[in-house]
Amino acid sequence: WWHTGKIIRKRFPNGMLAWSFGGDLTNPLVYKEMFEDRAYFINGITLTPPPPGAVDKSGVPLIVDVGTNVGFFALSVARELDEYDIACFEPVPPLVDCAKRNLAPYHKDGAKSRQRIVVNTMGLGDKDGEASFEFEPHFSAGASMDKSVFDKGVKDRRLASWIRGMVHDTQFIGGYPSWLVRPVRALLGVPVVGVVLMCTLLPIMYLPLIVRIATQPKVVIPVTCKVHRLSDMLRKHEGTDDSTRPIAMLKIDVEGAEWSVLMGIDDATWARVQQVVIETHDIDGRVGKTMELLKAKGFKHVVKGVEELETHLLLGLETIFATREVPKGLGKKSSHAA
């Protein structure tokens, strides 16, 4: 944790060397979601090589990654499929630096002389403007242009609920074995016993994390970024006002700014989008509104995912999946490749 706030290169469980922030508590979770769980490729969402002739007719399919962070989603796709271009958008310059380093090996398609991946340093919203906020490198996955969203969306503020959620999520990302976590979580719900556990066993279980949080330096980076509409930026990216090439997938994970991003997409862009995955904070009925918006834009299959992280449920986070057609064989996780 003495590297907190510094960009370092580390090796992950799959053998991959990637750039990220030292001391980032959220990094193991993002890695697990993207490379082990394939968390976005469920509920009918899939990416496969385009059929022969499709690229010549309509252009290279595009993937739009809004809220790129250090680039793990784009990297998980680029490592397996070279038939797609990827347009990334991230407002935090140090995260953009990590993403560019991680995606550099896949930046250009030498055979076709095209730039496959572009990482844009900007925020997206419903209108042009500017945003200022603070970025904490030890919690990079929570980087948001609107931190107030987290507080508004909290569904349960009881300390016991959060401790039970943290215990579950620690086991989920591989911190502790299930044979230990399950009885501890059950006992936390028992009056008196749960209080004793919180005061004795849990401090011992989480002593390394407690020491790490208490001793690592507090690093806060002020960020001021330009904000633009997604449709405008895609027109600039593609160099034309009337592109018809398909957007094979639109992924949005912007920690509370998702509705503003959606309002910056015009009908011409929506008509090109084939699949959507969006993390949504359920504030003022936002999940329902988002699902209705997607249905109104012509998506026939719009569902909420089953959230596996209990802390996400406590924060009111939901992931919405949408496809133009009702997919076959639902219920199984899909791979990127055919």
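To keep things clear, this report deals only with the structure shown in the data block. (Residues numbered from 1 in each chain as written. Predicted model: local features only at pLDDT ≥ 70, side-chain atom pairs only at ≥ 80, totals over all residues. Heavy atoms only, no water.)

Quick word on the sheet that holds strand S3 (residues 62–66)
Put simply, the test is: Note on pairing: DSSP must find at least two bridges between two strands before they are called paired. To qualify as a helix, a DSSP run of H or I must reach at least 4 residues; to qualify as a strand, a run of E must reach at least 2; elements of each kind are numbered from the N terminus. Each axis is a line fitted through C-alpha atoms, taken for helices only over the stretch in contact, and angles between the N-to-C directions span 0 to 180 degrees. Should any heavy atoms of two residues lie within 4.5 Å, those residues are counted as being in contact.
Strand order in the open sheet formed by seven strands is S7-S4-S3-S11-S12-S14-S13, and the pairing between neighbours is mixed. The sheet terminates laterally at strand S7 (117–121) and strand S13 (301–304), the two strands that pair on one side only. Each strand of the sheet is rotated relative to its neighbour by a mean of 15°, with strand direction disregarded. Where S3 meets strand S4 (residues 85–90), five bridges bridge the pair, whose relative direction is parallel. Across the sheet, Leu 62 pairs through a bridge with Asp 85, a residue of S4. Here helix H11 (residues 230–238) sits on the sheet and contacts S3, S4, S7 and strand S11 (247–252); the angle it forms with S3, its principal contact strand, is near 135°.

Some words on the pattern of salt bridges
Which entries qualify depends on this criterion: In the sections that follow, a salt bridge refers to a side-chain nitrogen of Lys or Arg positioned within 4 Å of a carboxyl oxygen of Asp or Glu. Throughout, exposure labels follow a simple rule: accessible area from a 1.4 Å probe, protein chains only, divided by the maximum for the residue type, with under 20% read as buried, over 50% as exposed, and the rest as partly exposed.
Scanning all chains against the criterion turns up 13 salt bridges. Notably, a salt bridge pairs Arg 101 with Asp 97, separated by 3.1 Å at the nearest N-O pair. Of this pair, Arg 101 and Asp 97 both sit in helix H4 (residues 93–103), separated by four residues, roughly a single helical turn. Judged by relative accessible area, which is 36%, Arg 101 ranks as partly exposed. Overall, the relative accessible area of 30% leaves Asp 97 in the partly exposed class. With its nearest N and O atoms 3.5 Å apart, the salt bridge here joins Glu 325 to Lys 300. With a gap of 25 residues between them, Glu 325 in the segment after strand S14 (317–323) and Lys 300 in the loop between helix H14 (286–296) and S13 connect regions that are remote in the sequence. On the accessibility criterion, Glu 325 (49% relative accessible area) is partly exposed. Residues participating in the shared-partner salt-bridge network are Arg 229, Asp 232, Arg 235 and Asp 266.

Focus on the side chain of Thr 269
The condition that has to hold: Pairs of N or O atoms are called polar contacts if they sit within 3.5 Å, as long as, within protein, a hydrogen donor faces a hydrogen acceptor (for residues adjacent in sequence, only side-chain-to-side-chain pairs).
Looking at the element boundaries, Thr 269 is found in helix H13 (residues 267–270). Residue classification places Thr 269 among the buried positions, given a relative accessible area of 4%. Separated by 2.8 Å, the side chains of Thr 269 and Ser 231 make a polar contact. Sequence-distant contacts of Thr 269, that is, excluding residues within four places in its chain, are made with Ser 231, Leu 234 and Ile 247.

Focus on the nonpolar core
The condition is simple: Residues belong to a common nonpolar core when they are buried Ala, Val, Leu, Ile, Met, Phe, Trp, Tyr or Cys residues joined through side-chain atoms within 4.5 Å.
Counting residues in each nonpolar core, the largest one holds 44 residues, and the members touching the most others are Leu 47, Phe 72 and Met 249. Looking at which element gives the most residues to this core, the answer is helix H3 (residues 72–78), with six residues. For Phe 72, the contacting residues outside a window of four places in its chain are Phe 12, Met 16, Ala 18, Asn 27, Val 30, Tyr 31, Met 34, Phe 35 and Asn 102. Ranked by size, the runner-up nonpolar core spans 30 residues in total, among them Met 233, Ile 252, Val 261 and Val 302.

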